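Take a look at the letters that make up each chain.
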Amino acid sequence: MNILTQILIIFGFTFLGDSIQAFLNIPVPGSIIGLILLFACLQFKIIKLKQVEAVGTWLKNNMAFLFVPITVGIMVHFELLQLHWVNLVIVMVISTVITYLATAYAANWSQDHE
């Protein structure tokens, strides 16, 4: 499938998610809602994987570059980060441990139910 069509499909789901979030005033980012909708369409075979695979793979492989603007934007608030760095480190460590445990639990659960 043509690259432009794949980009339009992915951007369409992002726009749909943002629209749903704005209309229903849900406290979840619209991009996440769009990803959930795209995932559901892939699971129910409404959209075939090959219809978004090339662009999705490219986005995944270049994800590090997509975080550069966010990181630069955070540096505007460097004084705030200096003030609360201990709290931030604690939250990052705890959330990382919770993520590891949840992933391990999900992996064990999925192996037990095969």
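Scroll up to find the structure this text is about.
Quick notes on the rules
Residues numbered from 1 in each chain as written. Predicted model: local features only at pLDDT ≥ 70, side-chain atom pairs only at ≥ 80, totals over all residues. Heavy atoms only, no water. Axes fitted to C-alpha atoms, helices over the stretch in contact; angles between N-to-C directions. Helix = DSSP H or I, 4+ residues; strand = E, 2+ residues; numbered from the N terminus. Parallel < 35°, antiparallel > 145°, perpendicular 65-115°, else oblique. Contact = heavy atoms within 4.5 Å. Nonpolar A, V, L, I, M, F, W, Y, C, P; charged D, E, K, R; others polar. Core = buried A, V, L, I, M, F, W, Y, C linked by side-chain atoms within 4.5 Å. Buried < 20%, exposed > 50% of the residue type's maximum accessible area, 1.4 Å probe, protein only. Left-handed = near helix turned anticlockwise from the far one by under 90°. Expected span 1.5 Å × (residues − 1). Arc of directions from axis to C-beta.

K.L.:
What should I look at first to understand the packing of helix α1 (residues 3–24) against helix α3 (residues 53–61) in this one?
P.N.:
At a minimum axis distance of 8 Å, the contact between α1 and α3 shows a crossing angle of 70°. Here α3 runs roughly perpendicular to α1, going by the angle between their axes. Here Ile 3, Gln 6, Ile 7 and Ile 10 of α1 lie close against α3, whose contacting residues are Glu 53, Ala 54, Val 55, Gly 56 and Leu 59. Taken together, the residues that form the contact of α1 with α3 break down as six nonpolar, two polar and one charged.

K.L.:
Where do I start with the nonpolar core in this structure?
P.N.:
By size, the foremost hydrophobic cluster in this structure holds eight residues: Ile 9, Ile 10, Phe 13, Leu 38, Cys 41, Ile 47, Val 52 and Val 55. Broken down by secondary-structure element, the contributors of at least two residues to this core are α1 and α2 (30–43). At three residues, α1 tops the list of elements feeding residues into this core. Beyond its immediate chain neighbours, meaning those up to four positions away, Val 52 contacts Gln 6, Ile 9, Ile 10 and Leu 42.

K.L.:
Would you mind going over the packing of α1 against α2 with me for this structure?
P.N.:
Packed helix pairs are specified by the crossing angle of their axes together with the interaxial distance, meaning the distance between the axes. Packing of α1 against α2 leaves a shortest axis separation of 7 Å and a crossing angle of 125°. Judged on the interaxial angle alone, α2 and α1 are oblique. By crossing handedness, the relation of α1 to α2 is classed as right-handed. Across from Phe 13, Thr 14, Leu 16, Gly 17, Asp 18, Ile 20 and Gln 21 in α1, the residues of α2 making contact are Gly 30, Ser 31, Ile 33, Gly 34, Leu 37, Leu 38 and Cys 41. Classifying every residue of the contact of α1 with α2 gives seven nonpolar, six polar and one charged.

K.L.:
Would you mind going over α2 with me for this structure?
P.N.:
In an α-helix there are 3.6 residues to a turn, and that puts residues three or four apart on one side. Given a rise of 1.5 Å per residue, 14 residues ought to cover 20 Å, and the 20 Å separating the end C-alpha atoms of α2 matches this to within 8%. Three or more residues of α2 are buried, namely Gly 30, Ile 33, Gly 34, Leu 38 and Cys 41. The buried residues of α2 occupy an angular sector of 140° when the element is viewed end-on, so they sit on one face. Across α2 from its buried face, at more than 90 degrees, point the exposed residues Leu 35, Ile 36 and Phe 39.

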